[in-house]
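Each chain, written out:
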Amino acid sequence: YNLLIYFSIEMPTTISLVMTVYNRQKYLPQAVDSILTQTYPHWQLTIWDDGSTDASPQIGREYALRDPRIRFVSAPHAGLQHSLCAALATANNPYIGWVDSDDLLAPDALAATVEILDNYPHVGMVYTDHVIIDEANRFQCLGYRCQIPYCKDRLLIDFMTFHFRLMRREMYDRVGGINIDSYVEELEDYDICLKLSEV
């Protein structure tokens, strides 16, 4: 008898993604779908609902039932900074990032950013270009911030790291994460990028 044994070796999950949601039923399915179609499959996604009153919680639960890499959390409304901070606190993989619930990731976004972090240990964060689309997902233009090369000093006046960012969890922790007591209301992504640029 010839016995063939097939087995697979699962690659460890390396990316924790979070998506905070507040009344985004119109955009949420496409945003999650853009993560599901990533060419890099080793991710986990936490959809953190911030007390939505529309169908967003139902949509989030359905995705969590559909794919074991997706987790849905329903929380009382606390605002973006508190929700994002709480969601990121649950992220326990080496790389973390967040996706806005009305944004779409290009299919190779995770593969391209992971490759940089994997191959360049001195890099703490990598960010992507972005394009502006309309409600029908039609291309409008390349985001103007994509034309600005990264510069630590210029970051003080031009937020060129505006787009999707993937960072090392250890670096996020090193700079203290998101400061929910910050006076910079709703600019938590800019704040974290400024802090990362210092180190």
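On a predicted model such as this, the values are computed, not experimentally measured, just so you know.

Parameters at a glance
- Residues numbered from 1 in each chain as written.
- Predicted model: local features only at pLDDT ≥ 70, side-chain atom pairs only at ≥ 80, totals over all residues.
- Heavy atoms only, no water.
- Buried < 20%, exposed > 50% of the residue type's maximum accessible area, 1.4 Å probe, protein only.
- Helix = DSSP H or I, 4+ residues; strand = E, 2+ residues; numbered from the N terminus.
- Arc of directions from axis to C-beta.
- Contact = heavy atoms within 4.5 Å.
- pLDDT = per-residue confidence, 0-100.
- Pairing = 2+ DSSP bridges.
- Right-handed = clockwise from strand over helix to strand, strands pointing away.
- 1 Å grid on protein atoms, 1.4 Å probe; cavity = no way out; pocket = protein on both sides within 12 Å on 5 of 7 lines; lining within 4 Å.
- Points joined across faces, edges and corners; volume = space filled by probe spheres on them.
- Nonpolar A, V, L, I, M, F, W, Y, C, P; charged D, E, K, R; others polar.

## Points about helix α2 (residues 56-66)
Now for step 1: Taken together, the buried positions of α2 are occupied by Ser56, Pro57, Ile59, Gly60 and Tyr63. Seen from one end, α2 has its buried residues packed into an arc of 160°, which puts them on one side. Relative to its buried face, α2 has exposed residues pointing more than 90 degrees away, namely Leu65 and Arg66.
Now for step 2: Of the surrounding secondary structure, the elements contacted by the buried residues of α2 are β1 (15-21), α1 (28-36), β2 (43-50) and β3 (70-75).

## A word on the environment of glycine 176
Now for step 1: Tracing the backbone shows glycine 176 in the loop between α5 (169-174) and α6 (188-198).
Now for step 2: Sequence separation of glycine 176 and tryptophan 98 is 78 residues, and the distance between their C-alpha atoms is 17 Å.

## Some remarks on the confidence of the model for the chain
Now for step 1: Confidence in the prediction of the chain, expressed as mean pLDDT, is 90, and 91% of residues score 70 or more.
Now for step 2: Here residues 4-9 is modelled with pLDDT under 50, and outside its nearest four sequence neighbours on either side it reaches 0 contacts, counting other chains as well.

## With respect to the pairing of β2
Now for step 1: β2 sits mainly inside the fold: 7 of its 8 residues count as buried.
Now for step 2: Taken together, the 7 bridges between β1 and β2 define a ladder with parallel strand orientation. Among the inter-strand pairings, threonine 20 is bridged to a residue of β2, identified as tryptophan 48.
Now for step 3: Handedness of the β1-α1-β2 crossover: right-handed.
Now for step 4: The pairing of β2 with β3 spans 6 bridges and is classified as parallel. Bridge pairing links leucine 45 to isoleucine 70 in β3.
Now for step 5: Once the chain exits β2 it traverses α2 before rejoining the sheet at β3, and the crossover so formed is right-handed.

## What to know about the layout of surface pockets
Now for step 1: In this model, the largest pocket occupies a volume close to 1300 Å³.
Now for step 2: Lining the largest pocket are 45 residues; nearest its centre among them are Asp100, Ser101, Asp102, Asp103 and Leu104.
Now for step 3: Breaking the lining of the largest pocket down by element, the ones donating at least two residues are β1, α3 (80-89), α4 (109-119), β6 (131-133), β8 (165-168) and α6.
Now for step 4: Of the residues assigned to the lining of the largest pocket, the class counts are 21 nonpolar, 11 polar and 13 charged.
Now for step 5: Along the wall of the second largest pocket there are 13 residues; nearest its centre are Gly124, Met125, Tyr150, Leu196 and Ser197.
Now for step 6: Of all elements in the fold, only β5 (125-127) and α6 reach the threshold of two or more residues within the lining of the second largest pocket.
Now for step 7: Residue contributions to the lining of the second largest pocket peak at 3 residues, all from α6.
Now for step 8: Each residue belonging to the lining of the second largest pocket can be placed in one class, and the counts come to 9 nonpolar, 4 polar and no charged.

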